[in-house]
Amino acid sequence: MAAVRVEAVLAAAEEQEAEKRRSITVEKELELEYDLGNLLAVDRNPPPAAALRGAGPRREALLQALARDNTQLLVSRLWELPAERAGGAGGPLVAQLPEPTFRLPREKPPPKPRPPTRWEQFARLKGIRRKKKTSLVWDEQAKEWRRRWGYRRAGGDPSRAWLAEVPAGADPEEDQFARLRREKRERVARNELNRLRNLARAHRAGSAVPAAPLHPTGHQDRDELRRVARVARVSTASLGRFQPRLPKESAEPPSRSGGKKRRFEPLLGNLAAERSRQLELLRDMGRKKPVLDITRAVNKQLRQEEAEAAAANKGKKQSKRGKRGRRQQRPGRSGKKSGARRQPQQQKAAGGGVGG
Amino acid sequence: LTYCYRKPKTKRAKRFLEKREPKLNENTKNAMLIKGGNANLTVTEVLKDIYAVKKPFAVLYKRKNVTRPFEDQTSLEFFSKKSDCSLFLFGSHNKKRPNNLIIGRMFDYHVLDMIELGIEKFVSLKDIKNSKCPEGTKPMLIFAGDVFDVNEEYRRLKSLLIDFFRGPTVPSIRLAGLEYVLHFTAVDGKIYMRSYKVLLKKSGCKIPRIELEEMGPSLDLVMRRTHLASDDLYKLSLKQPKGLKPKKKKNISHDVFGTTYGRVHMQKQDLSKLQTRKMKGLKKRPAEKRAEDGGATPKKSKSA
């Protein structure tokens, strides 16, 4: 009898094992959403709220069962990814994860490309490109390959130079060694100044913060001075209307809106101008031909678009023609204002179309 | 290099600054775990456990810091700037808000989102006597509950939790090393966070059967106050630079079965002069060759 019981127990255990092995499938009402790049799965099914309300081990068991189901689904998806054996045949099985799809905010704002330095702008304008230089240079004196610059460079140690030629037009009493040292110091200082200026320009462009008014040591550039002068003029009680002007400044006070709003003529001003304006208006109204020449306007628009496209491509392609070539390309065209001012041309059809 | 008033004098300092500046592909986010002025034992234990989970991408501050994040965010921002951490977890306790945890993230060293959670029940790592998984394992994250999509605050909380526990972004992962799973269930106004160790058992087919073993910290949380970023600030922080988009290679296409097709452009080939396989049987016999040439090249007679 004991043997029968033992057999029955063993059979039951084996059946259980077999069933467990078979069950890697999970039934869910709504499919989960997966983001395999982040090893993330989102289950939209509402969990059984009533069952989870009572605290205790039952709740834990339920949560664990739910977690087991969801994890099974996620792992099934992960094991379906393309996998290979890393490090040869005996290595671990490694799956290639796709890019994460869940959008998460960045830590810091994306870096802004720094504005080009003065040299870079000049080089782009002239079409100068970087020459690839070798890192080693043949030194004739030492008869070996030396670095271009740095420790043991090709030109010999400059501090040990025992000969300094006096140039043709120089003062014979001048100390040439001192002059060379001074010039090197000046060069280094100028380079450092330009580097800092470029950095400051990049920093200002990046932060778009108005630069501090007036550098303390007194060296400031033209735009800063102009800006500061304008601010100083406008900071009076009458907003700068009665301030005396500097000799070379423009006579008209700068408009507060920067020229964006409409300006109206005074009501009782120039009578002759008013008369001519009214007569011109009447003339235009009585005209039979159209004021706008369609073909000319379209051509003008096309030319403008081409110019814009060329300006956009200027950064990518270096124009080999150079300034002179480009100047000759565009014929000297005076900028025409609106078509209303011109004499109308012989376009009967267009006139008929507009009148009809 | 950022425009700093003191330029770095050593390579090490330069590397340090370069690590912290904004980049196209960002570093893994670090988290700072801070104790408030009156943090009690529960809260301290929670912070220690989360630190163990998030190592090495976390900093645990040992001393208590008397601040109130919801009123004044400057000290948090100062800490973030000093330690270059963009995620934080601030624990405190008082009579009005017992066992309080504030989870939040930063954008450009300013607070972006902050959500206050109350701990109702906490079981720590050392209370559960099971085997643990190694430090630094990338966890699998599962969110259950429709509330995580319906409610705006819960959606932000989900995003915050993913950001917090995600770990480094890796291109490939060892399949046997998927050991850790964090499961968040939102039900009835409560959020249950459970951590399990994953055991892969044999199943009939290639995909293993999963058995879970409760392992790590388990928390029962309740949402209290929130301080969410405005929509446009959030959108600004989500913005990815254009350089990150993968460059499309022209001439290459894929079909449904995964085969890659490409176009190869060749110059014009003279098909009569193509070098094909030499088949001896098809070689022209001398008689045929002569017939083709039309007898133009007769056999040369040997000179005597």
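Scroll up to find the structure.
Presented here is an overview of the structure given in this document. None of these values were measured; they are calculated from a predicted model.

1. Some details on the overall build of chain A
Looking only at helices and strands, chain A features 10 helices and 6 strands. Per-residue burial over chain A gives 16% buried out of 356 residues. A total of about 29900 Å² of accessible surface is found on chain A, and carbon and sulfur atoms cover 55% of it.

2. Description of the side chain of Glu-179 of chain B
Residues and elements named next belong to chain B. With respect to the helices and strands, the residue Glu-179 is situated in the loop between strand 7 (172–174) and strand 8 (180–187). Buried within the structure, Glu-179 lacks any salt-bridge partner; its nearest side chain of opposite charge belongs to Lys-197, at an N-O separation of 4.1 Å. Not counting residues up to four positions away in its chain, the partners in contact with Glu-179 are Cys-133, Pro-134, Thr-137, Tyr-196, Lys-197 and Val-198.

3. Section: the pairing of strand 1 (residues 31–35) of chain B
All names here are of chain B. Counting buried positions along strand 1 gives 5 out of 5 residues, so the element sits mostly inside the fold. Neither face of strand 1 is left uncovered, since the one carrying Ala-31, Leu-33 and Lys-35 and the one carrying Met-32 and Ile-34 both have all their residues buried. Bridge count for strand 1 against strand 3 (residues 87–92) is 5 bridges, and the pairing is parallel. Following the sheet pairing, Ile-34 is matched in strand 3 by Phe-90. Where strand 1 lies against strand 2 (residues 58–64), 4 bridges are found, and the strand directions are parallel. Residue Leu-33 lies in a different strand from strand 2, and its bridge partner there is Leu-60. In this fold, strand 1 hands off to helix 2 (residues 41–54), which returns the chain to strand 2; that crossover is right-handed.

4. A closer look at unusual backbone geometry
A cis amide bond links Lys-55 of chain B with the next residue in sequence, Pro-56 of chain B, at an omega value of -5°. As for its position among the elements, Pro-56 of chain B is in the loop between helix 2 and strand 2. Residues other than glycine seldom take positive phi values, yet Lys-143 of chain A does so here, at roughly 55°. Examined against the element boundaries, Lys-143 of chain A turns out to sit in the loop between strand 5 (136–139) and strand 6 (144–147). A relative accessible area of 55% means that Lys-143 of chain A is categorised as exposed. Positive phi, close to 60°, is recorded for Asp-108 of chain B, a residue that is not glycine. Residue placement: Asp-108 of chain B occurs in the loop between strand 4 (100–107) and strand 5 (110–123). The exposure class assigned to Asp-108 of chain B is partly exposed, which follows from its relative accessible area of 33%.

5. What about the pattern of salt bridges?
All names here are of chain B. Counting across every chain of the model gives 31 salt bridges over all chains. Residue Arg-156 pairs with Glu-152 through a salt bridge whose shortest N-O separation is 3.7 Å. Pair noted here: Arg-156 and Glu-152 are both in helix 5 (residues 152–165), with a separation of 4 residues, about one helical turn. On the basis of relative accessibility, which here comes to 5%, the residue Arg-156 falls in the buried class. Overall, the relative accessible area of 37% leaves Glu-152 in the partly exposed class. When salt bridges that share partners are traced, they join Lys-29, Arg-105, Asp-113, Glu-152, Arg-155, Arg-156 and Asp-163 into one network.

6. Looking at the nonpolar core
Buried together is how nonpolar side chains tend to be arranged in soluble globular proteins. If you look at the biggest cluster of nonpolar residues, it comprises 41 residues, and the most contacted ones within it are Phe-164, Phe-165 and Phe-184 of chain B. A per-element tally of this core places helix 5 of chain B first, with 7 residues. Excluding its chain neighbours within four sequence positions, the residues that come into contact with Phe-184 of chain B are Leu-141, Ile-142, Phe-143, Ala-144, Phe-148, Leu-161, Phe-165, Tyr-192 and Met-193 of chain B. Ile-24, Ala-41 and Leu-52 of chain A together with Leu-212 of chain B belong to the second largest nonpolar core, which has 31 residues in total.

7. With respect to the packing of aromatic side chains
Considering all chains together, one arrives at 9 aromatic pairs over all chains under this definition. For the ring pair Trp-138 of chain A and Trp-145 of chain A, a centre distance of 5.6 Å and an interplane angle of 65° mean the geometry is edge-to-face. Overall, Trp-138 of chain A belongs to the partly exposed group, its relative accessible area being 38%. Among the aromatic residues, those joined into a cluster by ring pairs are Phe-143, Phe-148, Tyr-154, Phe-164, Phe-165 and Phe-184 of chain B.

8. A few points about the interface of chain B and chain A
Taken together, the contacts link 75 residues of chain B with 57 residues of chain A. Carbon and sulfur atoms supply 61% of the area buried between chain B and chain A, which totals about 6100 Å² over both sides. A salt bridge links Arg-194 of chain B to Glu-60 of chain A, with the shortest nitrogen-to-oxygen separation between them at 2.9 Å. Here chain B is connected to chain A by 30 residue pairs in polar contact (both at pLDDT 80 or more). In terms of residues, the side of chain B that touches chain A owes the most to one element, strand 10 (residues 209–214) of chain B, which gives 6 residues. Grouping the amino acids of the side of chain B that touches chain A by side-chain chemistry returns 35 nonpolar, 13 polar and 27 charged. Relative to strand 7 of chain B, strand 4 (residues 93–96) of chain A runs antiparallel, the two sharing 3 bridges. Residue pairing across strands places Val-94 of chain A opposite Arg-174 of chain B, the latter belonging to strand 7 of chain B.

9. As for a nonpolar patch on the surface
Taken together, Leu-279, Leu-281, Leu-282 and Met-285 of chain A make up a surface patch of nonpolar side chains, about 450 Å² in accessible area. Tracing the chain through its elements places Leu-279 of chain A in helix 7 (residues 271–286).

10. Description of a positive patch on the surface
All names here are of chain A. Together, Arg-130, Lys-131, Lys-133 and Arg-148 make up a region of like positive charge exposed at the surface. Position of Lys-133 among the secondary structure elements: in the loop between helix 4 (118–126) and strand 5. Classification of Lys-133 by relative accessible area gives exposed; the value is 61%.

11. Topic: empty space enclosed by the protein
Think of a ball as big as a water molecule: rolled over the atoms, this probe shows where empty space is left. All names here are of chain B. Overall, the coordinates contain 5 cavities of 30 Å³ or more when judged by the stated rule. Approximately 80 Å³ is the volume attributed to the second largest cavity. As for the second largest cavity, its lining consists of Ile-50, Leu-89, Leu-101, Ile-103, Leu-117, Leu-161, Phe-164, Phe-165, Met-193, Leu-219 and Leu-221. For the lining of the second largest cavity, the secondary structure elements donating two or more residues are strand 4, helix 5 and strand 11 (218–227). Ranked by residue count, the leading element in the lining of the second largest cavity is helix 5, at 3 residues. Residues belonging to the lining of the second largest cavity are distributed by class as follows: 11 nonpolar, no polar and no charged.

12. Notes on the pairing of strand 4 of chain B
Residues and elements named next belong to chain B. In terms of residue burial, strand 4 counts as a mostly covered element, since 8 of its 8 residues are buried. A two-sided burial pattern is seen for strand 4, the buried positions comprising Asn-100, Ile-102, Gly-104 and Met-106 on one face and Leu-101, Ile-103, Arg-105 and Phe-107 on the other. Two elements, strand 3 and strand 4, share 6 bridges in a ladder whose sense is antiparallel. Opposite Phe-90, over in strand 4, you have Ile-102 as the bridge partner.

13. Overview of a negative patch on the surface
Residues and elements named next belong to chain A. On the surface, Glu-14, Glu-15, Glu-17 and Glu-19 cluster together into a negatively charged patch. By the element assignment, Glu-14 lies in helix 1 (residues 2–22). A relative accessible area of 62% means that Glu-14 is categorised as exposed.

Reading the values: rules and limits
Residues numbered from 1 in each chain as written. Chains lettered and ligands numbered in written order. Predicted model: local features only at pLDDT ≥ 70, side-chain atom pairs only at ≥ 80, totals over all residues. Heavy atoms only, no water. Helix = DSSP H or I, 4+ residues; strand = E, 2+ residues; numbered from the N terminus. Buried < 20%, exposed > 50% of the residue type's maximum accessible area, 1.4 Å probe, protein only. Areas by Shrake-Rupley, 256 points an atom, 1.4 Å probe, with all protein chains shown as cover. Lys, Arg positive; Asp, Glu negative; His and termini not counted. Salt bridge = Lys/Arg side-chain N within 4 Å of Asp/Glu carboxyl O. Contact = heavy atoms within 4.5 Å. Pairing = 2+ DSSP bridges. Right-handed = clockwise from strand over helix to strand, strands pointing away. Core = buried A, V, L, I, M, F, W, Y, C linked by side-chain atoms within 4.5 Å. Phe/Tyr/Trp six-rings, centres within 6.5 Å; stacked < 30°, edge-to-face > 60°. Buried area = accessible area lost by both parts, 1.4 Å probe. Polar contact = N/O pair within 3.5 Å; in protein donor to acceptor, adjacent residues only side chain to side chain. Nonpolar A, V, L, I, M, F, W, Y, C, P; charged D, E, K, R; others polar. Patch = residues over 30% accessible without salt bridge, like charges linked within 9 Å, V, L, I, M, F, W, Y side chains within 5 Å. Charge placed at Lys NZ, Arg CZ, Asp CG, Glu CD. 1 Å grid on protein atoms, 1.4 Å probe; cavity = no way out; pocket = protein on both sides within 12 Å on 5 of 7 lines; lining within 4 Å. Points joined across faces, edges and corners; volume = space filled by probe spheres on them.

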